[in-house]
Structures are given as structure tokens and as C-alpha cells.
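What follows is the residue order along each chain.
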Amino acid sequence: KLSGASMRTVVVTVDNTGNSPAVVLDQYLTPFNVTYIASAGTVQSTNDDPFPYSPTGTYIAPTLNWATISTDAPNASGFIGRPTRAIRLHGTQGDTLTVIQAGIK
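Quick look at the structure, then. (Residues numbered from 1 in each chain as written. Predicted model: local features only at pLDDT ≥ 70, side-chain atom pairs only at ≥ 80, totals over all residues. Heavy atoms only, no water.)

## A word on the nonpolar core
Grouped together as the largest cluster of nonpolar side chains are 14 residues, with contacts concentrated most on L25, Y36, V43, I80, I87, L97 and V99. Among the secondary structure elements, those contributing two or more residues to this core are β3 (34-38), β7 (86-90) and β8 (96-101). (Core = buried A, V, L, I, M, F, W, Y, C linked by side-chain atoms within 4.5 Å. Buried < 20%, exposed > 50% of the residue type's maximum accessible area, 1.4 Å probe, protein only. Helix = DSSP H or I, 4+ residues; strand = E, 2+ residues; numbered from the N terminus.)

So, in C-alpha cells, the structure goes:
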């Protein structure tokens, strides 16, 4: 069923490694619209595949290269308008990142 709804809000917290878990996004939604709020720290994104293909069906750990999110158009602070595969928060233990992606439900 298609609707104008959006995904549930996802909240992740930075752990003792200095990073939050990755929030995987749907890069195929058009238009691509993600809103985020960070309590502190640096929001990072990756275009690497969080679910790498395995021809044998065995688990392959993803290699994700993270970069600070650009705020060049169509992105802005707190908004991502370019397709990306996942985002996370790099910061101090306890910092939080709230993410919501507009799309279908």
C-alpha cells in the first residue's frame, strides 16, 4: 500500500567506540528526503553497500567509508537531499542522532 507516510523515527546513540550504529536508508525513494537531529557530534554518511553481495550466501562484513555530511545544495544542515546508503553519528558516548526518511509506508 502506498501512502504519504514516512518511516518510523529512528534514534541511535553513540557508544564507547565514539560512533552510533549505522542507520540504513532507502536510496531508491524519489524524491530522497531525510531529516536528522544530532544532540552533539558530527553526522557522517556513506555510499558504500551496508549489505554486500555474497555469491556463496556466507556473511560478508561491510566495509563502510564514512565522511562528514556535506551541506552543499540540495543538502542543508539537518536535511539530506542526495541519495546516500546510511548515516551515523560520530561523537561522545551518549550523544543521540534522530533520523526520519520521507517515503512510503
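That covers the picture; the talk isn't over yet.
## Observations regarding the pattern of salt bridges
The final tally for this structure, using the stated rule, is 1 salt bridge. In this structure, D49 engages R85 in a salt bridge whose closest nitrogen and oxygen atoms are separated by 3.4 Å. Of this pair, D49 sits in the loop between β4 (42-46) and β5 (67-68) while R85 is found in the loop between β6 (79-80) and β7, placing the two residues 36 residues apart along the sequence. When its relative accessible area of 28% is taken as the criterion, D49 is described as partly exposed. (Salt bridge = Lys/Arg side-chain N within 4 Å of Asp/Glu carboxyl O.)

## Here we look at the sheet that holds β6
The strand order across the open sheet formed by 4 strands is β1-β8-β3-β6, and the pairing between neighbours is antiparallel. The strands lining the two open edges of the sheet, one partner per strand, are β1 (10-13) and β6. Note: β1 against β8, 4 bridges, orientation antiparallel. Across the sheet, residue V12 finds its bridge partner in β8, namely L97. (Pairing = 2+ DSSP bridges.)

## Quick word on the sheet that holds β4
As summarised here, the arrangement of the 4 strands in space is β2-β7-β4-β5, forming an open sheet in which the pairing is antiparallel. Only two strands of the sheet have a single neighbouring strand rather than two, namely β2 (23-24) and β5. Direction of pairing for β4 relative to β5: antiparallel, over a ladder of 2 bridges. The partner of Q44 across the bridge, within β5, is T68.

## Examining the environment of A102
Note that A102 resides in the segment after β8. C-alpha of A102 to C-alpha of Y28: the two residues are 74 residues apart in sequence and 12 Å apart in space.

## Side note on the side chain of S20
Looking at the secondary structure, you find S20 in the loop between β1 and β2. In this view, S20 contacts V12, T13, V14, R88 and L89; residues no more than four positions away in its chain are not counted. (Contact = heavy atoms within 4.5 Å.)

## Brief notes about the pairing of β3
Every other side chain in a regular strand lies on the same face of the sheet, so the side chains alternate between the two faces. Summarising the sheet, β3 and β6 pair through 2 bridges and their orientation is antiparallel. Bridge assignment links T35 to a residue of β6, and that residue is F79.

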